[in-house]
Amino acid sequence: MTADTVDRAEGSADGASERRREQRGWYFYDFACSVYSTSVLTVFLGPYLTSVAKAAADADGFVRPLGIPIRAGSVFAYTVSVSIVVAVVVMPLVGAAADRSGRKKPLLALAAYLGAGATAGMFFLDGDRYLLGALLLIVANASLAVSMVLYNAYLPQIAGPEERDAVSSRGWAFGYTSGALVLVLNLVLYTGHDSFGVSESMAVRICLASAGVWWGAFTLVPLRRLRDRRVVRDGTGAVGTGWRQLIATLRDMRRHPLTLSFLLAYLLYNDGIQTVISQASVYGSEELGLDQTTLITAVLLVQILAVAGALGMGRMARSYGAKRTILGSLAVWTLILGAGYFLPSGAPVAFYALAAAIGLVLGGSQALSRSLFSHLVPSGKEAEYFSAYEMSDRGLSWLGPLVFGLAFQLTGSYRDAIISLVVFFALGFVLLARVPVRRAIAAAGNPVPERI
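(A) Structural view of the pattern of salt bridges. According to the stated counting rule, one finds seven salt bridges in the structure shown. Of the charged contacts, one joins R129 and D126 as a salt bridge, the two residues approaching to 3.7 Å between their closest N and O atoms. Here D126 ties to R205 by a salt bridge, and the two come within 3.9 Å at their closest N and O atoms. Placement of the pair is D126 in the loop between α3 (104–120) and α4 (130–153) and R205 in helix α7 (residues 200–225), with a sequence separation of 79 residues. Residue D126 is classed as partly exposed on the basis of its relative accessible area of 24%. Judged by its relative accessible area of 11%, R205 is buried. Among the charged side chains, a salt-bridge network with shared partners connects D126, R129 and R205.

(B) Representation of the packing of helix α10 (residues 292–320) against helix α12 (residues 348–375). It is at 6 Å that the axes of α10 and α12 come closest, and there the two elements cross at 40 degrees. If you check the angle between α10 and α12, you find them oblique. As for the relative orientation of α10 and α12, their crossing is right-handed in sense. Its residues assigned to classes, the contact of α10 with α12 shows 19 nonpolar, eight polar and no charged.

(C) Quick peek at the nonpolar core. Among the nonpolar cores identified, the biggest contains 68 residues, and W26, Y29, F44, L45, L49, L208 and W215 are the most heavily contacted of them. For this core, the secondary-structure elements that each account for two or more residues are α1 (3–56), α2 (75–101), α3, α4, α5 (155–158), α6 (164–191), α7 and α10. With 16 residues, the single largest contributor to this core is α1. Setting aside anything within four residues of it in sequence, one finds F44 in contact with S39, L183, N186, L187, Y190, V204, C207 and L208.

Reading the values: the criteria
- Residues numbered from 1 in each chain as written.
- Predicted model: local features only at pLDDT ≥ 70, side-chain atom pairs only at ≥ 80, totals over all residues.
- Heavy atoms only, no water.
- Salt bridge = Lys/Arg side-chain N within 4 Å of Asp/Glu carboxyl O.
- Helix = DSSP H or I, 4+ residues; strand = E, 2+ residues; numbered from the N terminus.
- Buried < 20%, exposed > 50% of the residue type's maximum accessible area, 1.4 Å probe, protein only.
- Axes fitted to C-alpha atoms, helices over the stretch in contact; angles between N-to-C directions.
- Parallel < 35°, antiparallel > 145°, perpendicular 65-115°, else oblique.
- Left-handed = near helix turned anticlockwise from the far one by under 90°.
- Nonpolar A, V, L, I, M, F, W, Y, C, P; charged D, E, K, R; others polar.
- Core = buried A, V, L, I, M, F, W, Y, C linked by side-chain atoms within 4.5 Å.
- Contact = heavy atoms within 4.5 Å.

Rendered as structure tokens:
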């Protein structure tokens, strides 16, 4: 063996070791921010912000920010909608800035700590300070969306084509692990607040703030381990060209119609997934008559099993390919909706079984979609394309709830509303099945994995 051969082998080994180190750091951003989605958005903030808004409401149940009459019970939903609009405005600016400068990490740090700081600030949400709560929610939710653009854009740079399914799945698994862990700790405090000498309101505020502290603390790990790749770009600063860059990205996607076809399929079936998750508690409480403890425990069950589901579906993708595995998960989602339609009222065990099925396909569906899309992104345009991906994930997530709400309004039945969501999975399945992913990857200029 020559000296040059030895040097190349050592360089290759060093490169692989550095890549694994970055991957381990990358996993920890999911570990850091997922507690916000679980404890804050899914469990505690909606009911608590609603109670704060009701404390500020007039005799007719309205609050009047800027003189606009709004039902107190609608404050949380409207605030989430505003945060999505803010995120949609900011994401293309940040994506363009990241790709033009090659410096994703400072922007990731800024977005993460804005979100973590706003979440920690929810400790001061008490009395009738619903406007403070709304502002903090807008900042936190928009910051999370922006940070996920940058986080996802690292995936093609830290993982080769053959390992992205596994790496993406491990990231989701890390996230669900932290979500479950912190939710257990929060539930211990919440259910036993009297024994800890704190009021129920104080317990909720501690739970909200702890999610922000957790988010900020564990973000230090990816910031230490991830590294930026410098790129040379023509043009002016990205802040001045962000929206022009978004238009250019969409035009560029017209040159990659198969990538655009995948995004459309993802938009549909992911909207179905997000609507099932967001409306499951409403369905459980209003249609099935289940209590809050049962619903929270079901969320915890979803979090725990989503870890196994993400890892298990990642292994399945090695044997069957990501596309086939995602298609199989969409078939399971359809069966879940059918089972939910026939679920008997007042049967927590059956509801737990449904939650278990959701957990087993939830993480894998999202993880493999992310890794599959990473193969369809032209090199050097990761943040721009993942900005469009994140916008399809978050910016258009009103379609499913709209269909759900209209179905309930027209029929008066939550069972009819839940079964109406089948259309998202059915159309998503058909559109994804029609995407020739090998040809799409080659058309994007990327190496085609042996199994995809």
